[in-house]
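Listed below, chain by chain, are the residues.
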Amino acid sequence: MRPAAPRRAILALAAVCAIAAPLTGCSGADDDRSGPGPSPRTSSDTEICIALVGYWSKEVFLERPTSGRDFMQKGLSNGQNEILLDAVDAARKERKRTDTDAALKVLDASVEKGCVERYRNGKPTEGIWREPSATPPGSGSASPSP
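The structure contained in this document is the topic of the report that follows. (Residues numbered from 1 in each chain as written. Predicted model: local features only at pLDDT ≥ 70, side-chain atom pairs only at ≥ 80, totals over all residues. Heavy atoms only, no water.)

1. A closer look at the overall build of the chain
Point 1. On a plain count of helices and strands, the chain comes out with 4 helices and 0 strands.
Point 2. Among the 146 residues that make up the chain, the fraction classed as buried is 21%.
Point 3. Considering only contacts in the chain between residues 6 or more positions apart, those separated by 24 or more positions represent 61%.
Point 4. Put simply, the chain shows about 11200 Å² of open surface, and 57% of that area lies on carbon and sulfur atoms. (Helix = DSSP H or I, 4+ residues; strand = E, 2+ residues; numbered from the N terminus. Buried < 20%, exposed > 50% of the residue type's maximum accessible area, 1.4 Å probe, protein only. Contact = heavy atoms within 4.5 Å. Areas by Shrake-Rupley, 256 points an atom, 1.4 Å probe, with all protein chains shown as cover.)

Okay, here's the thing in structure tokens:
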């Protein structure tokens, strides 16, 4: 009968090597590559808004259990939450007039329109997401009162 300790040590070493090889790039599979691969595609702020607000607006509209979270727990800004609320309101009105399928189309269109409008000129400049400015609010050029 062989001792169990050496077998465990070998298995542990194999596990470490299996994890370390891809992290260090030493697998050997890509050794013939002449340069870095293509950069991963990044999403625009508008695309992120549409995906995030679109997901949560469906959760709220369909009254799923996770829909009760507040907008910050959902990862939304105040402006994105306004888009969500407007889209859900429009979808609910459409559902009363027609059906859920039509309402979901209105929901998607409302989210897309709201996000495109919000990010048409780059990042929003109001609310908690405002970029720091050179002059803080309320600190105009007037001298302080005596």
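There is more to say after this.
2. Concerning the pattern of salt bridges
Point 1. Throughout the structure, instances matching the rule amount to 6 salt bridges.
Point 2. Between Arg 41 and Glu 47 there is a salt bridge, with its nearest N and O atoms 2.7 Å apart.
Point 3. In this structure, the salt-bridge partner of Glu 117 is Arg 120, at a minimum N-O distance of 2.8 Å.
Point 4. Look at Glu 117 and you get partly exposed, because its relative accessible area is 44%. (Salt bridge = Lys/Arg side-chain N within 4 Å of Asp/Glu carboxyl O.)

3. A few points about the nonpolar core
Nonpolar side chains in soluble globular proteins tend to end up buried together.
Point 1. Cys 49, Val 53, Phe 61, Leu 84, Val 88, Leu 107 and Cys 115 are the most contacted members of the largest nonpolar core, which has 16 residues in total.
Point 2. Taken together, the elements giving at least two residues each to this core come down to helix 2 (45–61), helix 3 (78–97) and helix 4 (100–118).
Point 3. Look past the residues within four positions of Leu 84 in its chain and what remains in contact with it is Val 53, Trp 56, Ser 57, Val 60 and Leu 76. (Core = buried A, V, L, I, M, F, W, Y, C linked by side-chain atoms within 4.5 Å.)

4. Thoughts on the environment of Ser 110
Point 1. With respect to the element layout, Ser 110 can be found in helix 4.
Point 2. Between the C-alpha atom of Ser 110 and that of Ala 91, which follows or precedes it by 19 residues, the distance is 8.5 Å.
Point 3. Excluding residues that lie within four positions of it along the chain, Ser 110 makes contacts with Ile 83, Ala 87 and Ala 90.

5. Regarding the side chain of Asn 81
Point 1. Here Asn 81 shows up in helix 3.
Point 2. Excluding residues within four positions of it along the chain, Asn 81 makes contact with Phe 71 and Leu 76.

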